Amino acid sequence: WPGLSPLLLSWRDKHICKYVVDTPDVNGVEIPPTQAVVLELRPKHFLRTEDKLIVGQTDEAQLKKIGKVRVKELLRGECDGVDPAGKLIN
């Protein structure tokens, strides 16, 4: 089974990894254009998954829009794509 998207291939499913990609459709028929993600803020504005994979970086301007955020806090957002070779999300 090739998976619903490259993001699903990267983060696996509930049988392989405890960190799954979630959709409101339990049958996986309707795939939303974006996926909800929760990432940990690391030093120098890097964003990391629960399994310690750095998948992106933000900047000070974006963090100011959110409010006061400190290193090691979790940020919830949405992504619309993934680069599996580069291990990055969009």
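Note: the structure precedes this text.
Counting of residues starts from 1 at the beginning of each chain's written sequence and follows it residue by residue. Selection of residues for local features in this predicted model requires a pLDDT of at least 70, selection of side-chain atom pairs for listing and counting requires 80 or more, and totals for whole chains, interfaces and linings are taken over all residues. Values reported for side chains reflect all heavy atoms of the structure, with hydrogen atoms and water molecules removed beforehand.

Positive phi values are uncommon outside glycine, yet lysine 44 reaches one of about 60 degrees. Tracing the chain through its elements places lysine 44 in the loop between β1 (35–41) and β2 (46–48). Between buried and exposed lies partly exposed: a residue is buried under 20% and exposed over 50% of the maximum accessible area for its type, with that area taken using a 1.4 Å probe on protein chains only. Taking relative accessible area as the criterion, lysine 44 reaches 68% and is therefore assigned exposed. Of note in the backbone geometry, histidine 45 takes a positive phi value of approximately 70 degrees without being a glycine. Per the convention used, a helix needs a DSSP run of H or I reaching at least four residues, while a strand needs a run of E reaching at least two, with both numbered from the N terminus.

The working definition used for a salt bridge is a side-chain nitrogen of Lys or Arg within 4 Å of a carboxyl oxygen of Asp or Glu. Scanning the entire structure with this criterion turns up 3 salt bridges. In this structure, glutamate 40 engages arginine 42 in a salt bridge whose closest nitrogen and oxygen atoms are separated by 3.2 Å. Overall, arginine 42 belongs to the buried group, its relative accessible area being 19%. We note a salt bridge from arginine 48 to glutamate 40, for which the minimum N-O separation is 2.8 Å. Note on arginine 48: relative accessible area 15%, which makes it buried.

What follows covers the side chain of threonine 58. Within the fold, threonine 58 resides in the loop between β3 (54–57) and α2 (60–66). Distance and chemistry together define a polar contact, namely a pair of N or O atoms within 3.5 Å, with one atom able to donate a hydrogen and the other to accept it when in protein, and with adjacent residues in sequence counting only for side-chain atoms on both sides. A distance of 2.4 Å separates polar atoms of two side chains, one belonging to threonine 58 and the other to glutamine 62. Sequence-distant contacts of threonine 58, defined by excluding residues within four places in its chain, comprise Leu41, His45, Leu47 and Leu63. In this description, contact between two residues means that some pair of their heavy atoms is separated by no more than 4.5 Å.

What follows deals with the nonpolar core. Nonpolar core, defined: a set of buried Ala, Val, Leu, Ile, Met, Phe, Trp, Tyr and Cys residues in which side-chain atoms within 4.5 Å join the residues together. Among the nonpolar cores identified, the biggest contains 11 residues, and these are Val37, Leu39, Leu41, Leu47, Val55, Leu63, Val69, Leu75, Cys79, Val82 and Ile89. Mapped onto this core, the elements with two or more residues apiece are β1 and β4 (74–79). Broken down by element, this core gets its largest block of residues, 3 residues, from β1.

A few words now on the side chain of glutamate 40. Mapping glutamate 40 onto the fold places it in strand β1. Overall, glutamate 40 belongs to the buried group, its relative accessible area being 15%.

The next thing to look at is the sheet that holds β1. A strand pair is defined by DSSP finding two or more bridges across the two strands. One open sheet holds the 4 strands; their spatial order is β3-β2-β1-β4, and the pairing between them is antiparallel. Both edges of this open sheet fall to β3 and β4, since each of them pairs with a single strand only. On average, adjacent strands in this sheet sit at an angle of 45 degrees to one another, irrespective of strand direction. Here β1 runs beside β2; their pairing, made up of 2 bridges, is antiparallel. The residue bridging leucine 41 from the neighbouring strand is leucine 47, located in β2. All axes are obtained by fitting lines to C-alpha atoms, using only the stretch in contact for helices, and the reported angles, taken between N-to-C directions, cover 0 to 180 degrees.

In short, shape yes, function no, at least from these values alone.
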